[in-house]
Amino acid sequence: MTASPPETTLDTVRTWVAQAERLCVLTGAGVSAASGVPTFRDAQTGYWAQFRAEDMASAAGFRANPGRVWQWYQHRKALIAAVQPNAAHHALAQWSLQHPGAMTLVTQNVDGLHQRAGSTDVLCLHGDLWQDRWLNPTCPQCNADVLTDGEPPACPCCGNLRRPGVVWFGEMLPGRVLANAQAAAEACDVLLVVGTAGVVYPAAGLAQLARRCGRRVVVLNTAATDLDSVADAVLRGPATSSLPAVLLSDEGEGLQPAVWY
Ligand code: BV8
């Protein structure tokens, strides 16, 4: 894709969004980066650097070492509890308020920052870091309010472990959530793909699906992604700049874009 004058691409995308009756937005870890939440593949810092995220974010990894995986999620929860949503989260929530029912927000993120910024009805493809659930089928005494104090906590009667309420690699996504996300990608006028490397499926497949249905696809990212080739336009820059510039008409005036092409 040849570079075009910054104002052309950005203004074109703004026009597409302004004319859209239905907007679908797919977000990834890059949207939370400016809040201080390491992106999924950067999340391995310090002690955790010795582990691969894919090994930690899997049922096999958890069963192999429940304590270590449980502590990794406790580490991430503590980190996320200490940060705030950023301008990207707020721009999405504000646009949705200004255009009731016109946005379907689909996220791969499990941090809950979209919801803390005020977004509602968020389709969480990969679950929720703040919701735990049982690892195995429950016994009659399994009660989330009556747990051992181990890491992970367990049912004192049958030993069933609590596990993070996220979707691990190799696990199916929640069927209704995925179906609703796919329907939104098929039916939208514009799909914004923001802050995701586009390598994790079936989430990344939403971009191809929208494209196959003749929908406008725009990728907003600080770096090249696997989905750039599917996009009608690519806005290169941080989501804290690009989303307000695209969504909020009074934003971006005189904005010095990183590069929009
Ligand atoms: C499934 C929750 C059916 C956990 C996550 C072999 C066996 C089994 C499955 C597979 C297999 N091979 C392939 C698969 C499919 C697999 C997959 O896609 N693997 C990939 C790695 C190849 N998918 C699955 O397993 C899914 N389930 O397919 O079920 C099945 C079942 C059995 C067997 C076969 C199939 C389940 C996937 C869900 C995994 N769970 N999260 C947790 O968080 O702990 S995924 C995890 O990655 C996060 O949710 C994260 O959001 C997501 C995607 O990553 P990104 O969001 O893209 O983040 P990343 O760090 O990669 O990139 C950040 C981007 O932001 C970058 O592009 C960067 O440039 C940009 N950026 C940075 N800063 C900014 C920015 N952009 C804008 N502004 C900034 N400031």
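What you see is a predicted model; the values in this text were computed from it and never measured.

Counting residues in each nonpolar core, the largest one holds 30 residues, and the members touching the most others are L23, L192, V218, L243, V246 and L247. Where this core is concerned, the elements lending two or more residues are α1 (6–19), β1 (23–27), α6 (87–98), β2 (103–107), β6 (190–194), β7 (216–221), β8 (233–236) and α10 (239–247). Among the elements that make up this core, the one with the highest residue count is α10 (5 residues). For L247, the contacting residues outside a window of four places in its chain are V17, L23, A91, L92, W95 and L192. Membership of the second largest hydrophobic core comes to 26 residues, among which are C188, L209, V217 and V219.

As a further point, take the pairing of β2. Within β2, 4 of the 5 residues are buried, leaving the element largely enclosed by the surrounding structure. Bridge analysis of β1 against β2 gives 5 bridges, and the strand direction is parallel. Each bridged residue has a counterpart across the sheet, and for L26 the counterpart in β2 is V106. Sheet analysis places β2 next to strand β3 (residues 123–124), joined by 2 bridges and oriented parallel. Residue pairing in the sheet places T107 in a bridge with C124 of β3.

Time to look at helix α9 (residues 205–212). Buried residues of α9: G205, L206, A207, L209 and A210, and no others. On the buried face of α9, the contacting elements are β1, β2, α8 (175–187), β6 and β7. Within two residues after α9, G214 carries a phi angle of roughly 75°, on the positive side.

Along its sequence, the chain is organised into domain 1 (2–36 + 84–126 + 172–260) and domain 2 (38–82 + 132–166). For domain 1 versus domain 2, the distance between C-alpha centres works out to 29 Å. Domain 1 puts 10 residues into the contact, and the matching count from domain 2 is 9 residues. Buried surface at the junction of domain 1 and domain 2, summed over both partners, amounts to about 690 Å²; 61% is from carbon and sulfur atoms. Counting the surface domain 1 buries against domain 2, the share from its top three residues, A29, G36 and V110, is 39%. On the surface where domain 1 and domain 2 come into contact, there are 0 salt bridges. There are 1 residue pair in polar contact (both at pLDDT 80 or more) connecting domain 1 and domain 2.

Definitions and limits used
Residues numbered from 1 in each chain as written. Predicted model: local features only at pLDDT ≥ 70, side-chain atom pairs only at ≥ 80, totals over all residues. Heavy atoms only, no water. Core = buried A, V, L, I, M, F, W, Y, C linked by side-chain atoms within 4.5 Å. Buried < 20%, exposed > 50% of the residue type's maximum accessible area, 1.4 Å probe, protein only. Helix = DSSP H or I, 4+ residues; strand = E, 2+ residues; numbered from the N terminus. Contact = heavy atoms within 4.5 Å. Pairing = 2+ DSSP bridges. Domains from an automatic or database assignment. Buried area = accessible area lost by both parts, 1.4 Å probe. Salt bridge = Lys/Arg side-chain N within 4 Å of Asp/Glu carboxyl O. Polar contact = N/O pair within 3.5 Å; in protein donor to acceptor, adjacent residues only side chain to side chain.

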